[in-house]
Amino acid sequence: MSIIRLVAREFFGMFVDDGNLALLALVLVAAVAAAVKLLAMPPLLGGVLLLVGCLAILLQSVRRAARAVKR
Amino acid sequence: MQTLTPILPTVTAAFLASFVEVVEAFTIVLAVGVTRSWRPALTGAALALALLAALVLAFGPLLALVPITTLQFIVGVLLVLFGMRWLRKAILRSVGVIALHDEEAAFSKETAALSQQANDRRADYLAGLASFKAVLLEGVEVVFIVIAVGAAHGQTLYASLGALAAFVLVMLIGLAVHRPLARVPENALKFVVGLMLTSFGIFWTGEGIGADWPGADLALLAIFSIVTLASFGMVRWLRGTYPVSAGGFAR
């Protein structure tokens, strides 16, 4: 049983390191998907927003980490 | 016949990501083999590989039941999370905010732990368990990477070959040098893998929501270029804005 728990924890940890980054990425994907499916936003624009959004989230995450260490 | 455009990034991503993971597992197996004996080291590693193979055989065929756009979306989202996690760490390591992974240190730590257990009557079992855990946990990541970069475009075979090549290469180098592979530029590899997996993730999530990327698979290269430029820009900006003092937490 502990092996299953170990693998499950490892699997979860593969995707979530900075919880804030993971949460924002999921919110971004959900928002873009909703906009495409429900508001008829062009899917290609959705893809571009996804690219820009991911980079913005990454920038915010690394900036926060760097600032925390400098303090 | 498939073109090289999607195959090359798939094989490269699977190879590089697996290489990093296999190096980490190899360090622990080597520590067990050198400190205790090769029997528990290899038995633990073999059992872990068998369990991983069983998991792949059990769950792999289920992927064929998922519609391709749904699969691309799910795999894409998971790759965005996974790739950005690697990329974030690689960027922070590049600027010294978090310490580089050190295979020599990992080897010493494992060796010290095993030495403390040397008089335990379950020492062989504990050593085998350490080897088993290392291979299983790193192997789970390899399996995910192979499935993730391969499944969404029906290229699991190519991704598997990339991972297999990494495994063989690490074993050959390991057998030759018989010590932790500390000179592997691990952060540079992780940086490249983070860039590739994040790009794959954005590309497939986009396809999953119906985006018809201009240039089809060539758009993957464009996304990769943009993510790469942005990431190097972040490294440069962080170095200038938040210089980390030497001798502090970071290195």
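Look up: the structure comes first, before these words.
Residues numbered from 1 in each chain as written. Chains lettered and ligands numbered in written order. Predicted model: local features only at pLDDT ≥ 70, side-chain atom pairs only at ≥ 80, totals over all residues. Heavy atoms only, no water.

**Overview of a nonpolar patch on the surface**
All names here are of chain B.
- On the surface, Leu-49, Leu-157, Leu-161, Leu-164, Phe-167, Val-168 and Leu-172 cluster together into a nonpolar patch covering about 650 Å² of accessible area.
- For the nonpolar patch, the leading source of residues is helix 6 (residues 156-177), giving six residues.
- Residue placement: Leu-161 occurs in helix 6.
- Classification of Leu-161 by relative accessible area gives partly exposed; the value is 47%. (Patch = residues over 30% accessible without salt bridge, like charges linked within 9 Å, V, L, I, M, F, W, Y side chains within 5 Å. Areas by Shrake-Rupley, 256 points an atom, 1.4 Å probe, with all protein chains shown as cover. Salt bridge = Lys/Arg side-chain N within 4 Å of Asp/Glu carboxyl O. Helix = DSSP H or I, 4+ residues; strand = E, 2+ residues; numbered from the N terminus. Buried < 20%, exposed > 50% of the residue type's maximum accessible area, 1.4 Å probe, protein only.)

**A look at the interface of chain A and chain B**
- The interface of chain A with chain B comprises 40 residues on the first partner and 43 residues on the second.
- At the boundary of chain A with chain B, total buried surface from both sides reaches about 3700 Å², with 85% on carbon and sulfur atoms.
- Inspection of the region where chain A meets chain B yields two salt bridges.
- Taken together, the links from chain A to chain B amount to three residue pairs in polar contact (both at pLDDT 80 or more).
- Put simply, the parts of the chain that give the side of chain A that touches chain B at least two residues each are helix 1 (2-15), helix 2 (19-38) and helix 3 (43-70) of chain A. (Contact = heavy atoms within 4.5 Å. Buried area = accessible area lost by both parts, 1.4 Å probe. Polar contact = N/O pair within 3.5 Å; in protein donor to acceptor, adjacent residues only side chain to side chain.)

**Overview of the environment of Gly-208 of chain B**
Residue and element names in this part refer to chain B.
- With respect to the helices and strands, Gly-208 occurs in helix 7 (residues 186-208).
- Using a relative accessible area of 17% as the deciding quantity, one classes Gly-208 as buried.
- Sequence separation between Gly-208 and Gln-72 is 136 residues, and the spatial gap between their C-alpha atoms is 5.2 Å.
- Residues contacting Gly-208, with those up to four places away along its chain left out, are Thr-69, Gln-72 and Phe-73.

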